[in-house]
Amino acid sequence: MSRHRYLPHTDADITAMLDRCGADNIDRLFADIPEQLRMKNGYDLPGEMSEPEVRRYFNALENENEPLVCFAGGGFYDRYAPSVIKSLMARSEFLTAYTPYQPEISQGTLQYIFEYQSMMCELTGLDVSNASLYDGATATAEAMMMCVAAARKRNRVLISATVAPYVREVVATYARYHKVELSVIPEKDGVTDRAAMQQMLAEGNVAGVILASPNYYGILEDFSGFADDIHSAKALMVINSHACALGVIKTPAEWGADIAVGDAQSLGMPLNFGGPYLGYMCTTKALMRKMPGRIVGATKDEKGQRVFVLTLQAREQHIRREKATSNICSNQGIMTLYAAMYCSVMGAEGLGQVNRLSYGGAHYLARNLTAIPGVSLKYPDKPFLNEFVIKFPSPEAADNAYYSAVSFGYLPGIRIADDELLIAVTEMRDSDEMDDLTQIFTAAVCPADNGKEANDE
């Protein structure tokens, strides 16, 4: 018998496995682990409970959370999700679906991946989409690797300082271990410094350039002429965008980009302590074989019926290891399905409405907040969609405003400097919430004025 209720290994099984490993006991098996790193005490777990007791226990843990009204963004947003998505995703054929190696029994999985790819191509304007990558940061890092692979002898990639810092950090990690030289293009007034980029391109050895719009500050960058600069240097142009914005802004293809990447979390995926999210990647047909992940295509069977197949899967099981691209598999399938369902339910009209509501709310809130004495937009002349940066008169005022908002149940944004706050507005925020935040900030920034007004009344 097994010694543990939920572990199938009997004493005989364990002995056989240890013999195979050449170890006398479990301690000998893990002898390579330093003694100071080994756990000496048992797990701090409660005793046995009945089912009602377990439910009460976890409900009590859940109740310790303090949900805040979210005005934070930075690439991940509190978005509306049609209720039908959760119901459909709960179906067992979706939750248990594995990587579709056998097309004859995986038509449903292959079809929703195909539909997802088709929608992402429509959003980005590019020829081919993969399915899929872990998140927007790793997708951007994979785009860097694609640039180097396509350039062959050039291993330098430029990335704009207006790309989100956490994305740049992930890209830098990939670059370090793949011996890619990564250089940061400086920003100027919140956008990529084109003159600096041109100078860096002229220095040579550049395989690709990574840009962002909307960028980390929420600004919609104007990339007019960038593609000519980059392609003249025989480099590839990469644009990072959060997917929802692609429903209304100029597409990466229209800017002349070769690769479009970003996070699809903004397509209604719930915020959940870091994931799971979904990295999308689209590119031109010429770069298709450099893409990581897999591509699903449509064809016809011997009866002339429309069927779906894995068109491209350049992973290590199928080709030589040194020629393989990154392999991202089943764990992201469910998020691909989520994005496909969201786009199908919302459609072009719904996606447009979501962005119009977000745009209207963000500009309404920006006007109200900048009416507070001492508070201003950091980039007043730059266009933004649903996110903007405000400056407070001092770090102390910023502290007062931020923590006062939290105490009233609001997450007011992301502190990007001592006196700066990055604020996002989505379709989930209403005018009452925005007015409340304005009043909280006013009281925190101008306490003396508020006291005078109260006395006057």
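Let us look at the structure shown here. Because the structure is a prediction, the values reported are computed rather than measured.

## Focus: the overall build of the protein chain
Okay, so step 1: Looking only at helices and strands, the protein chain has 15 helices and 17 strands in total.
Okay, so step 2: Counting only C-alpha atoms, the protein chain reaches 85 × 65 × 50 Å along its principal axes.
Okay, so step 3: Carbon and sulfur atoms make up 51% of the accessible area of the protein chain, which amounts to about 24,200 Å² in all.
Okay, so step 4: If the 41 positive side-chain charges of the protein chain are averaged to one point and the 57 negative ones to another, these points end up 11 Å apart.

## Considering the pairing of strand 12 (residues 306–312)
Okay, so step 1: With six bridges connecting them, strand 11 (residues 295–300) and strand 12 associate as antiparallel partners. Within strand 12, the residue paired with G297 across the bridge is V309.
Okay, so step 2: Between strand 11 and the antiparallel strand that follows it, strand 12, lie five residues; G304 among them carries a positive phi value of about 85 degrees.

## Some points on the packing of helix 12 (residues 333–369) against helix 14 (residues 431–445)
Okay, so step 1: Closest axis-to-axis distance for the helix 12/helix 14 pair is 10 Å, and the angle between their directions is 25 degrees. One finds that helix 12 runs roughly parallel with respect to helix 14. Note that helix 12 runs across helix 14; the crossing there is right-handed. Each of G361, Y364, L365, N368 and L369 in helix 12 lies in contact with helix 14, whose residues at this interface are M434, D435, L437, T438 and F441.
Okay, so step 2: Classifying every residue of the contact of helix 12 with helix 14 gives six nonpolar, three polar and one charged.

## Looking at the side chain of D258
Okay, so step 1: For D258, the position within the fold is in the loop between helix 11 (252–255) and strand 9 (259–263).
Okay, so step 2: Comment: no salt bridge for buried D258; closest opposite-charge side chain is R154, at 10 Å.
Okay, so step 3: For D258, the residues in contact, after removing those within four places along its chain, are L126, H231, A235, L236, M237, C282, T283, T284 and L287.

## A short note on the pairing of strand 8 (residues 236–240)
Okay, so step 1: Along strand 8, five of the five residues are buried, which leaves the element largely enclosed by surrounding structure.
Okay, so step 2: Direction of pairing for strand 7 (residues 206–212) relative to strand 8: parallel, over a ladder of five bridges. In the strand pairing of strand 8, A212 is matched with N240.
Okay, so step 3: What joins strand 7 to strand 8 is helix 10 (residues 226–232), and the crossover it makes is right-handed.
Okay, so step 4: With three bridges joining them, strand 8 and strand 9 adopt parallel strand pairing. Residue N240 lies in a different strand from strand 9, and its bridge partner there is V261.

## Considerations on the packing of helix 6 (residues 107–124) against helix 12
Okay, so step 1: Put simply, helix 6 and helix 12 touch, their axes get as near as 9 Å, and they point 50 degrees apart. What the angle tells us is that helix 6 and helix 12 run oblique. For the element pair helix 6 and helix 12, the recorded crossing hand is left-handed. Here Y112, I113, Y116, M119 and L123 of helix 6 lie close against helix 12, whose contacting residues are G333, I334, T336, L337, A339, A340, C343, S344 and L351.

Scoring rules and cut-offs
- Residues numbered from 1 in each chain as written.
- Predicted model: local features only at pLDDT ≥ 70, side-chain atom pairs only at ≥ 80, totals over all residues.
- Heavy atoms only, no water.
- Helix = DSSP H or I, 4+ residues; strand = E, 2+ residues; numbered from the N terminus.
- Areas by Shrake-Rupley, 256 points an atom, 1.4 Å probe, with all protein chains shown as cover.
- Lys, Arg positive; Asp, Glu negative; His and termini not counted.
- Charge placed at Lys NZ, Arg CZ, Asp CG, Glu CD.
- Pairing = 2+ DSSP bridges.
- Axes fitted to C-alpha atoms, helices over the stretch in contact; angles between N-to-C directions.
- Parallel < 35°, antiparallel > 145°, perpendicular 65-115°, else oblique.
- Left-handed = near helix turned anticlockwise from the far one by under 90°.
- Contact = heavy atoms within 4.5 Å.
- Nonpolar A, V, L, I, M, F, W, Y, C, P; charged D, E, K, R; others polar.
- Buried < 20%, exposed > 50% of the residue type's maximum accessible area, 1.4 Å probe, protein only.
- Salt bridge = Lys/Arg side-chain N within 4 Å of Asp/Glu carboxyl O.
- Right-handed = clockwise from strand over helix to strand, strands pointing away.

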